[in-house]
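# Fold and geometry: a report
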4 protein chains.
Amino acid sequence: MRMGMVGGGRGAFIGGVHRMAAAIDGEIELVCGAFSSDPERSKASGADLYLPPERSYGSFEEMILAEKQLPIGERMDFVSIVTPNHMHFPPAKMALENGFAVVCDKPLAFTLAEAKEIEALVHKTGLLFALTHNYTGYPMVKQARHMVHTGALGKVRKIVVEYPQGWLSTLVESTGSKQASWRTDPSKSGAAGAMGDIGTHAENLAEYISGLHITELCADLTAFVEGRLLDDDGNVLLHFDNGAKGILHASQISNGEENGLNIRIYGETGGLEWHQMEPNTLIHKTNSGVQILRTGVGALCDEALAAARIPAGHPEGYLEAFGNIYKNFARALRKTLNGETPSAIDLDFPGVADGVRGMAFIESVVASSKSDQKWYPFVS
Amino acid sequence: MRMGMVGGGRGAFIGGVHRMAAAIDGEIELVCGAFSSDPERSKASGADLYLPPERSYGSFEEMILAEKQLPIGERMDFVSIVTPNHMHFPPAKMALENGFAVVCDKPLAFTLAEAKEIEALVHKTGLLFALTHNYTGYPMVKQARHMVHTGALGKVRKIVVEYPQGWLSTLVESTGSKQASWRTDPSKSGAAGAMGDIGTHAENLAEYISGLHITELCADLTAFVEGRLLDDDGNVLLHFDNGAKGILHASQISNGEENGLNIRIYGETGGLEWHQMEPNTLIHKTNSGVQILRTGVGALCDEALAAARIPAGHPEGYLEAFGNIYKNFARALRKTLNGETPSAIDLDFPGVADGVRGMAFIESVVASSKSDQKWYPFVS
Amino acid sequence: MRMGMVGGGRGAFIGGVHRMAAAIDGEIELVCGAFSSDPERSKASGADLYLPPERSYGSFEEMILAEKQLPIGERMDFVSIVTPNHMHFPPAKMALENGFAVVCDKPLAFTLAEAKEIEALVHKTGLLFALTHNYTGYPMVKQARHMVHTGALGKVRKIVVEYPQGWLSTLVESTGSKQASWRTDPSKSGAAGAMGDIGTHAENLAEYISGLHITELCADLTAFVEGRLLDDDGNVLLHFDNGAKGILHASQISNGEENGLNIRIYGETGGLEWHQMEPNTLIHKTNSGVQILRTGVGALCDEALAAARIPAGHPEGYLEAFGNIYKNFARALRKTLNGETPSAIDLDFPGVADGVRGMAFIESVVASSKSDQKWYPFVS
Amino acid sequence: MRMGMVGGGRGAFIGGVHRMAAAIDGEIELVCGAFSSDPERSKASGADLYLPPERSYGSFEEMILAEKQLPIGERMDFVSIVTPNHMHFPPAKMALENGFAVVCDKPLAFTLAEAKEIEALVHKTGLLFALTHNYTGYPMVKQARHMVHTGALGKVRKIVVEYPQGWLSTLVESTGSKQASWRTDPSKSGAAGAMGDIGTHAENLAEYISGLHITELCADLTAFVEGRLLDDDGNVLLHFDNGAKGILHASQISNGEENGLNIRIYGETGGLEWHQMEPNTLIHKTNSGVQILRTGVGALCDEALAAARIPAGHPEGYLEAFGNIYKNFARALRKTLNGETPSAIDLDFPGVADGVRGMAFIESVVASSKSDQKWYPFVS
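Predicted, not measured: the structure shown is a model, and the values here were computed from it.

### Observations concerning the overall build of chain A
Regarding its fold elements, chain A presents 12 helices and 14 strands. Taken against the 2.2 N^0.38 rule, which gives 21 Å for 380 residues, the C-alpha radius of gyration of chain A at 20 Å falls within 12% of a compact globule. The principal-axis extent of the C-alpha atoms belonging to chain A is close to 60 × 50 × 40 Å. Sorting the 380 residues of chain A into buried and exposed places 63% on the buried side. A fraction of 69% describes how many contacts in chain A between residues 6 or more apart in sequence connect residues 24 or more apart.

As structure tokens, this is what we get:
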């Protein structure tokens, strides 16, 4: 499938991740991009990527309109949006309105209202839409979901999901770091800092694996670093719709932590534990023993099997998990464009509904943190 | 030093732990006991322990009075109280009033009021009093405290302390388990279940290492198992007196967890992580690298060095950490009885002040959990 | 750079690995292939990969001759050889003789004599040649080499390198497994089974990191599974050229092991430990403490920095390490074709000299294992 | 039971370990000792241990003769020998000849000939004799043995046993270290250094768990530190009596290693892995999955259950494992003295036969290392 990219020019981080993730399986070719709002920079970025100059556009509007004129088989088949949060909505809306499927980085939008508007457009156009909650692309996350859904834990009682990082322990945004700057700028990042950037991943992971929904929460957000404008740490108590209780905490000032997303889920008859930094291991605990499940070993669910490329013990990591979203999306899109029906595994990628819940999460935790009310409703 | 024990007869758990911990260093000899409120059972228990029948007493009152009549050098030097929570106060009070030093299992008492009465008696009599918050006996916990206090982390910002267990995932108390029964019985355990039994250890560990005090908290306690009368799980947000934020959660329904007490502390310039189940390892993380500190390796603080008995790589565990309280207490007591002044390391054991804070913690979390008020004051 | 592939058709394993590794960085495009010695199968495989039919060739000879006729900028720039061992030499020789650079899977050839002939051709033609000893592509392996070379361990005394796998614990080759069949067939695999397939990786890793050469060895090879024609396990004592001693063992009957390549190197003043299954961690031990080095954290050597794509804690794995060989090779090749000089980092990939030592290792351990002589010379 | 100790005075290491191990379970009381060959030092050591002066003897001969005169119920019931290796034989012989049971540190003696003489005396007198191969006292080592013996792995094919330490990486014996000095002195340690001190533990562990015997071996011993008189490192290939192959390596110059004894055993249908530094975990691997067995969790064998004192997750360590030898020995001795028959679990401790094999191992590896013959017979 042919991909056009919005954002991801020189100096960007997540754009390169999307390109590597899209390239790895040989299903997707980058054919064009609006890599920067600065046309010169966009062209230079396209040249770095071996694109012909005429397909490095000066704006996403230009790209969408120009590509639409190209014949099928040459023009881009979908748009990948990898800009900062405040610039998700405009290209997503225009791409959908012009008939292009979309892959969008998370969180879905700048506000919950925008998110709902995109959701409505997706429903109206029937176009494919993937949101890169990439951590659900790991094989063992899929296996964990399968085990919860098929009753390996009994009724879920408690969920602990954590996302500690340490890289914003100081005022990095004052040092010229592009990554730190937009993430801590309310005009680009949105209502939340850490809770939007990584807290939403934690929320999505907990709901994805458990199949439960958060109904109310109690949040304590903090901006620890002096001069910082958005939260860099947050601790949240959770209530789920089946009566389960939970804890979610995310932090970018947990000095010395790299990218420590992890989750533990406890049910009546067992528990599961997974760590993003050792992603090919899933720990299944019960009071009578512990079993280690591993990517590529033994009987795993179909989704987990489909998400691994190489034999056990050959570690697949972040890019491969990210690539699973692109791979499934590309296969679903190819079939859709060919008039075929995508399989359930083709469609195993996060979508616009995840994005709406993510935006609702952001708005809920920010409101809760400011409130004296103990339990704040999570409304999406 | 000669020890008389209250509780710990046949079928008890923690009594045996206290005896092994007291025996390991050759500083303490068990000379008498009131092992059970049933005189026959007490005698039989004493015989199991190779005690002469005349020193197995039918009640703690009898023991205290009789031992007081024996000459110094023969009579017990201190009382060790290992009964369920509701039976800590009476023997502690009587022992102190009769001039005996005391080692008491935690939590200190049944209510905060009792705890404060014991504290007043300790202050009045000047007698030595140890509370077995045994997890602070580990060498690497002492090293962690030392590092926080000497600035290795900078100002502390966030503390996450967890204590998951899984053994009460079902209604074990209905199966005849002595350990489960009293811990889940409000008339013996007190106002809290899991939060009293293990939550207090978590609270104590966090305050011990950080040197901070909790000032307010927001608790969500649950009794998940149908028919259970006290909480078996609790999630708590914390505020500390220096502005640090925290999370404490303790659970006895985290199916598959053994005895997973652990703590992470993050400051401006680094973080520390310690797990009770791998107690000889302390992880010191900063954004520029990770250092593993180990019992017996390299330069550790004096308290940590004094708390280890054998070279690095020869694992010391729970009983040794527990034994450190007894060892230090015995050495302090011997010096005190000889008219000498105990050293700082002799006095490195938890005491009555820790016990008062523990009881205040129990009362605070129980009240907070019932309240609609978000932040509840922690008053001790 | 444009890649033509020899081997790697439907049902193959390592061909897909090479394609993903080559694709990930956007530096290489697969333009043609002789995927199978069966022309039909080759065409079908090419179609799976979205290649036009005219560039799926029926043989490597046909491919090399036809591509040579295409204009530069269209024809393949290099050949990637991913066939079983006995089919490395013919295409490598012909590619070099026709002016194409080569990437070749390991071991280099079927015999040491073939390996030396390829080495001579590489020297004669001056063409770039990469051998995919992919495990040296990991950032922390490069960091380990750097640390040894810059004296972090002092003089090296002992090396322990292990490569346990379990997948050949039964006679898998009798069940129709394509992977097992050729690897255990002396006519395709060569003189050794496990020692050729994975033992050579262990040998290469030890020599790569330490900078030392094995001078003599004492081997004990076994075919444990009844009916197996080649060794499935081997234990080897090693002597190195600086006086260091070592142990190398590789096994494909270590039931329950996945792909457990690991190495420990001890010098006068410290030790290093690295495990392929947790590749982003390098453990630096000394008698005064342990330091954990991590991909993306702190000050690493230039080669390690260049070998990582994403921030710390976003695990990069086997394909990324494999991709580092392709990425560096492609950059070196591009510069070479442009008349520029590749940098030291561009040239940081294993080459034909590694391949010759690998073949010498195979011949030495096979001969040693059959000998009553204790120490057998390692001659390459 | 009443214990008299030979050796273990001020400045000793293993004597204190024996005393703590003996004390922990309340079954053994230290009643006398010949703690040093210097009578003054012996008395002072006894006083440190709260012994009356008349039971601190100036020599083991004096102790054995004097204690023999005391009435039963007052005199020592057994002798514990904790001297350097060259001083095991004389007190063991005299104790046995005077009717005292013996606990002896390992290795059993200075030479194989001495070891056989002790063995003959044990058989002749019928007295109980324990050898403190303490690592077999761990619950999970007992569980491993049980699993191998009951077929969990199928026929054993490969054993890898390692014992790396780093503390002798420099010429510590020249710095006044008592521990280093006698261990590296051929007149006190015997024919081997590291192989006697720790290699014998590795050999014992491999044979204990597997139930197999080494039949021949190929050793490569080295004294890496200049000026050292005995081996500080050794690598050994092993052949076992059922056809299994193995590797044993032990080292005291593996810089940065603490006390890293570990073992992996692979059979036709599965593998086991155990590490002394995380002793409460036993890893059971098969090609279809990994199971973690833990002290105190689930269904373990009777010997493992009897070897643990406290619930799962309360780590028991080195002293507790060591104590299991003393506990079982004391119980067996009490029953024997009372005319009862000890149970199989009472008798679950290493004995004189283990000691004879250990001495044969030492003599075999030393001879093999000097030989040009590839395979050297292991004769005991």
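### Remarks on the packing of helix H6 (residues 139-149) of chain B against helix H9 (residues 194-210) of chain B
Residue and element names in this part refer to chain B. For the pair H6 and H9, the least separation of the axes is 7 Å and the interaxial angle reads 45°. Here H6 lies oblique to H9, going by the angle between them. Facing H6, whose interface residues are Val 141, Ala 144, Arg 145 and Val 148, H9 presents Tyr 208, Ile 209 and Ser 210. Across the contact of H6 with H9, the residue classes break down as 5 nonpolar, 1 polar and 1 charged.

### A look at the relation of the copies chain B and chain A
Least-squares fitting of chain B to chain A yields an RMSD of 0.0 Å, with the transformation described by 0.0 Å of translation along the axis and a rotation of 180°. Such values leave the two copies arranged in the relation of a two-fold axis. Ranked by how close their C-alpha atoms come to the rotation axis, the residues of chain B are headed by Lys 374 of chain B, at 2.1 Å. Most of the interface of chain B is mirrored in chain A, where 100% of its interface residues are also at the interface.

### What about the interface of chain D and chain C?
One frequently used descriptor of interface size is the decrease in accessible area upon assembly of the parts. Every contact between the two is made by 34 residues of chain D and, on the other side, 34 residues of chain C. Looking at the side of chain D that touches chain C, the elements that each hand over two or more residues are strand E6 (156-164), strand E7 (214-222), strand E8 (233-240), strand E9 (245-251), strand E10 (262-267) and strand E12 (281-286) of chain D. No other element matches E9 of chain D, which puts 4 residues into the side of chain D that touches chain C. Of the residues assigned to the side of chain D that touches chain C, the class counts are 8 nonpolar, 16 polar and 10 charged.

### Details of the nonpolar core
Core analysis: the largest hydrophobic core is formed by 487 residues, its most contacted members being Val 102 of chain A, Val 102 of chain B, Val 102 of chain C together with Val 102 of chain D. Beyond its immediate stretch of four places on either side in the chain, Val 102 of chain D contacts Phe 78, Val 79, Ile 81, Ala 92, Ala 95, Leu 96, Leu 127 and Phe 129 of chain D.

### Thoughts on the relation of the copies chain D and chain C
Both copies of the chain are related through a single rotation about an axis accompanied by a shift along the same axis. Superposing chain D onto chain C takes a rotation of 180° plus a shift of 0.0 Å along the axis, which leaves an RMSD of 0.0 Å. In this assembly, 100% of the residues forming the interface of chain D have copies in chain C that are likewise at the interface, indicating an isologous arrangement.

### Concerning the environment of Val 356 of chain C
All names here are of chain C. Inspection of the secondary structure assignment puts Val 356 in helix H12 (residues 352-370). A C-alpha to C-alpha distance of 15 Å links Val 356 and Pro 377, two positions 21 residues apart in sequence. Leave out the neighbours within four places in its chain, and Val 356 touches Leu 108, Ala 115, Lys 116, Glu 119 and Ser 380.

### So, the domain arrangement of chain A
All names here are of chain A. Partitioning chain A into structural domains gives domain 1 (2-127) and domain 2 (138-310 + 357-377). Here domain 1 and domain 2 have C-alpha centroids that lie 27 Å from each other. At the interface, 13 residues of domain 1 touch 14 residues of domain 2. The residue inventory of the side of domain 1 that touches domain 2, partitioned by class, reads 8 nonpolar, 4 polar and 1 charged.

### Brief notes about helix H11 (residues 318-337) of chain C
Residue and element names in this part refer to chain C. Taking 1.5 Å of rise per residue, 20 residues should cover 28 Å, and H11 covers 29 Å from first to last C-alpha, within 8% of that figure. Taken across its 20 residues, H11 has 16 buried, putting it largely inside the fold. Note on H11: the residue one or two positions beyond its end, Gly 339, has a positive phi of about 80°.

### As for the interface of chain B and chain A
Contact with chain B, which involves 34 residues of that partner, is made by 34 residues of chain A. Elements that contribute at least two residues to the side of chain B that touches chain A include exactly strand E6 (156-164), strand E7 (214-222), strand E8 (233-240), strand E9 (245-251), strand E10 (262-267) and strand E12 (281-286) of chain B. In terms of residue count, E9 of chain B provides more of the side of chain B that touches chain A than any other element does, 4 residues in total. Taken together, the residues of the side of chain B that touches chain A sort by class into 8 nonpolar, 16 polar and 10 charged.

### A few points about the pairing of E8 of chain B
Residue and element names in this part refer to chain B. Within E8, 7 of the 8 residues are buried, leaving the element largely enclosed by the surrounding structure. Direction of pairing for E7 relative to E8: antiparallel, over a ladder of 8 bridges. Paired with Thr 222 across the strands is Asp 233, a residue of E8. Here 7 bridges tie E8 to E9, and the two strands are oriented antiparallel to one another. If you follow Asn 235 over to E9, its bridge partner there is His 249. Connecting the antiparallel pair E8 and E9 is a turn made up of 4 residues, with Gly 243 showing a positive phi of about 100°.

### Focus on the packing of helix H3 (residues 60-69) of chain C against helix H4 (residues 89-97) of chain C
Residues and elements named next belong to chain C. Between H3 and H4, the shortest axis-to-axis distance is 10 Å and the interhelical angle comes to 15°. Compared by their axis directions, H3 and H4 come out roughly parallel. Helix-helix and strand crossings are classified by hand; for H3 and H4 the assignment is right-handed. Within the contact between the two elements, H3 uses Phe 60, Glu 61 and Ile 64 and H4 uses Pro 91, Met 94 and Ala 95.

### Section: the pairing of E9 of chain D
All names here are of chain D. By the criterion of burial, E9 is predominantly enclosed, with 7 of the 7 residues buried. Alternating positions in E9 separate into two faces, Lys 245, Ile 247, His 249 and Ser 251 on one and Gly 246, Leu 248 and Ala 250 on the other, with burial throughout. Alignment of E6 against E9, held across 7 bridges, turns out to be parallel. Its bridge partner lying in E9, Lys 158 is registered against Lys 245.

### Brief notes about the sheet that holds strand E1 (residues 2-6) of chain D
Residues and elements named next belong to chain D. An order of E2-E1-E3-E4-E5 is seen for the 5 strands of this open sheet, with the pairing classed as parallel. Sheet topology places strand E2 (29-34) and strand E5 (129-131) at the edges, where each strand pairs with a single neighbour. With direction set aside, neighbouring strand axes in the sheet form an average angle of 20°. When strand E3 (residues 78-81) meets strand E4 (residues 101-104), the two strands line up parallel, connected through 4 bridges. Each bridged residue has a counterpart across the sheet, and for Ser 80 the counterpart in E4 is Val 103.

### Observations regarding helix H2 (residues 39-48) of chain D
Residues and elements named next belong to chain D. Listed in full, the buried residues belonging to H2 are Ser 42, Lys 43, Ser 45 and Gly 46. Along the axis of H2, the buried positions cluster into a sector of 165°, meaning they face one direction only. What points out from H2, more than 90 degrees from its buried face, is the exposed set Glu 40 and Ala 47. Packed against the buried residues of H2 are E2. Directly after H2, the chain includes Tyr 50, whose backbone phi takes a positive value near 65°.

### Here's the deal with unusual backbone geometry
Backbone torsion omega between Lys 106 of chain B and Pro 107 of chain B reads -10°, so that peptide bond is classified as cis. Mapped onto the elements, Pro 107 of chain B comes out in the loop between strand E4 (101-104) and helix H5 (112-125). Not every positive phi belongs to a glycine, and Tyr 50 of chain A is a case in point at roughly 65°. On the secondary structure map, Tyr 50 of chain A appears in the loop between helix H2 (39-48) and helix H3 (60-69). Residue classification places Tyr 50 of chain A among the exposed residues on the basis of 10 C-beta atoms within 10 Å.

### What to know about the environment of Glu 119 of chain B
Within the secondary structure, Glu 119 of chain B is located in helix H5. For the pair Glu 119 of chain B and Gly 351 of chain B, spaced 232 residues apart in the sequence, the C-alpha separation amounts to 9.3 Å.

### Things to note about the sheet that holds strand E5 (residues 129-131) of chain B
All names here are of chain B. The sheet built from 5 strands is open, its strands ordered E2-E1-E3-E4-E5 with parallel pairing. Strand pairing shows two members of the sheet lacking a second neighbour, strand E2 (29-34) and E5, which therefore form its edges. Direction aside, the axes of adjacent strands within the sheet are offset by 20° on average.

### Here we look at the environment of Leu 248 of chain A
Residue and element names in this part refer to chain A. As for its position among the elements, Leu 248 is in strand E9 (residues 245-251). Under the C-beta neighbour-count criterion, Leu 248 is labelled buried, with 27 such atoms within 10 Å. Taking the C-alpha atoms as reference points, Leu 248 and Ser 42, 206 residues apart in sequence, are found 39 Å from one another. Those residues in contact with Leu 248 that sit more than four places away from it in its chain are Val 161, Gly 199, Ala 202, Glu 203, Ala 206, Val 236 and Leu 238.

Parameters at a glance
- Along each chain, numbering runs from 1 in the same order as the chain's sequence is written.
- All chains are assigned letters beginning at A, and all ligands numbers beginning at 1, according to the order in which they are written.
- The predicted origin of the model limits local features to residues at a pLDDT of at least 70 and limits the giving and counting of side-chain atom pairs to 80 or more, whereas totals for whole chains, interfaces and linings rest on all residues.
- Secondary structure follows DSSP: runs of H or I at least 4 residues long count as helices, runs of E at least 2 residues long count as strands, and numbering of each begins at the N terminus.
- C-alpha atoms define the radius of gyration in this analysis, and the globule rule sets the expected value at 2.2 Å times the number of residues to the power 0.38.
- Once C-beta atoms are placed from the backbone, each residue is buried if 20 or more other C-beta atoms lie within 10 Å of its own, exposed if 12 or fewer, and partly exposed for counts between those two.
- Whether two residues are in contact depends on their C-beta atoms, placed from the backbone: they are in contact if these lie within 7 Å.
- Helix axes are fitted only over the stretch in contact, all axes being lines through C-alpha atoms; the angle between N-to-C directions runs from 0 to 180 degrees.
- Convention used here: angles under 35 degrees read as roughly parallel, angles over 145 as roughly antiparallel, angles from 65 to 115 as roughly perpendicular, and any remaining angle as oblique.
- Think of it as three bins: nonpolar holds Ala, Val, Leu, Ile, Met, Phe, Trp, Tyr, Cys and Pro, charged holds Asp, Glu, Lys and Arg, and polar takes everything else, Gly as well.
- In this comparison the copies share one frame, found by least squares on the C-alpha atoms of residues holding pLDDT of at least 70 in both.
- What makes a nonpolar core is a set of buried Ala, Val, Leu, Ile, Met, Phe, Trp, Tyr and Cys residues, with links drawn between C-beta atoms within 7 Å.
- Domain start and end points were adopted from an automatic or database domain assignment.
- Expected helix span is given by 1.5 Å per residue-to-residue step, counting one fewer step than there are residues.
- A pair of strands is labelled paired if DSSP reports no fewer than 2 bridges between them.
- What makes a crossing left-handed is the near helix being turned counterclockwise from the far one by less than a right angle; a clockwise turn instead makes it right-handed.
- Taking the helix axis as origin, the arc is that swept by the directions to the C-beta atoms.

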